[in-house]
Amino acid sequence: MHKIIQITDTHLVPPGHTLFGIDPATRLRKVLAHSKYAHADADAIVITGDLVDTGDRFAYKLLHDILDDVPIPVYLTIGNHDNRIAFREVFGGDGFVQTTFDIGNWRVLVLDTNDAGMDCGALDGGRLQWLDEQLAAAKEKPVLIAMHHTPSNFHAPFFGVEDDMKDPGSFLRVIKKYGNVRHLLFGHRHLSVAGSFCGIPFTASRGTSHHIALDFQQHGRSMLVAAAPSYDVVFLSDESVVVHSHHGLDTYHAIRAGDVKNELYAVA
């Protein structure tokens with residue numbers, strides 16, 4: 001069994017600033033501290049875009065500093081609020097912000113869907129071809145794809161088509177082509193959603209910063225709320241993918257006591 005932590009939509013702003021009256025950096029730190037305590041055995045952390053809110057270089061520097069002492073590998077990609085050039089100035093490298101890595105028998109593809117200056121996602125510029133090549137190279141390995149944008153708006157009336165991916169049909173055709181994609185991880189929507197596209201299961205994580213109110217009477221501009229920061233825990237085995245969502249990091253009122261916690265997670 002292997003374990004990946006998915007964090008998304010951190011929306012950091014430069015130090016000394018807030019976003020909608022909240023501090024995204026404090027919320028991210030809480031998520032990282034909670035995941036370190038509750039999931040010390042995780043193999044990797046994947047952060048699926050909208051790392052910062054306005055593509056600001058100082059916000060990327062803040063993110064770099066926050067992640068500097070994380071004890072396990074962290075893999076990043078970007079979303080529509082990000083700026084690829086500013087990201088590269090801080091984190092290095094060049095080109096699209098995407099990578100592939102193996103955990104056990106699994107291959108994980110982290111895909112860049114940023115379309116500069118647009119809210120929608122895109123896989124042009126060779127990215128769709130890269131995805132096709134990576135899936136072909138994985139052969140019979142089970143594949144997990146992590147990315148920011150979603151191929152549809154989840155039938156939510158408060159999301160417009162301008163927030164979707166360009167040419168989602170081509171993306172879906174490629175991920176079905178080799179029969180090895182087992183699960184998709186998304187961000188972007190600020191909601192917790194699960195389902196499938198073309199028979200391939202997906203989960204969308206709600207994120208650490210602000211969230212969108214799930215109100216199906218809300219058309220047009222969505223309502224933002226400051227629910228507790230959240231993150232997802234992805235369990236990978238030869239037989240299954242299981243995703244748990246930590247939706248609240250605070251201590252709730254206990255109505256029945258549990259057993260003594262495992263010493264593995266004891267706080268030093």
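Whatever comes next refers back to the structure up there.
Residues numbered from 1 in each chain as written. Predicted model: local features only at pLDDT ≥ 70, side-chain atom pairs only at ≥ 80, totals over all residues. Heavy atoms only, no water.

### Section: unusual backbone geometry
Then comes step 1: The phi angle at D9 is positive, at roughly 50 degrees, despite the residue not being glycine.
Then comes step 2: Tracing the backbone through its elements, the reader meets D9 in the loop between β1 (2–7) and α1 (24–38).
Then comes step 3: Of note, the phi angle at H190 is positive, near 60 degrees, even though the residue is not glycine.
Then comes step 4: Within the secondary structure layout, H190 lies in the loop between β7 (181–186) and β8 (193–197).
Then comes step 5: Looking at H190, the relative accessible area reads 6%, which means it is buried. (Helix = DSSP H or I, 4+ residues; strand = E, 2+ residues; numbered from the N terminus. Buried < 20%, exposed > 50% of the residue type's maximum accessible area, 1.4 Å probe, protein only.)

### A word on the nonpolar core
Then comes step 1: I7, L12, L32, L51 and Y231 are the most contacted members of the largest nonpolar core, which has 29 residues in total.
Then comes step 2: At the level of elements, β1, α1, β2 (44–48), α2 (57–67), α3 (84–91) and β12 (231–236) are the ones that each hand at least two residues to this core.
Then comes step 3: A total of 6 residues in this core trace back to one element, the largest contributor, which is α2.
Then comes step 4: Not counting residues up to four positions away in its chain, the partners in contact with L32 are I7, I45, I66, L67 and V70.
Then comes step 5: L123, V143, L172 and A204 belong to the second largest nonpolar core, which has 24 residues in total. (Core = buried A, V, L, I, M, F, W, Y, C linked by side-chain atoms within 4.5 Å. Contact = heavy atoms within 4.5 Å.)

### Thoughts on the sheet that holds strand β13 (residues 241–246)
Then comes step 1: Pairing is mixed across the open sheet formed by 5 strands, whose spatial order is β3-β2-β1-β12-β13. For this open sheet the edge positions go to β3 (74–77) and β13, each flanked by a neighbour on one side alone. Along the sheet, successive strands turn relative to each other by an average axial angle of 20 degrees, direction set aside.
Then comes step 2: With 5 bridges connecting them, β1 and β12 associate as antiparallel partners. The residue of β12 that forms the bridge with I4 is V234. (Pairing = 2+ DSSP bridges. Axes fitted to C-alpha atoms, helices over the stretch in contact; angles between N-to-C directions.)

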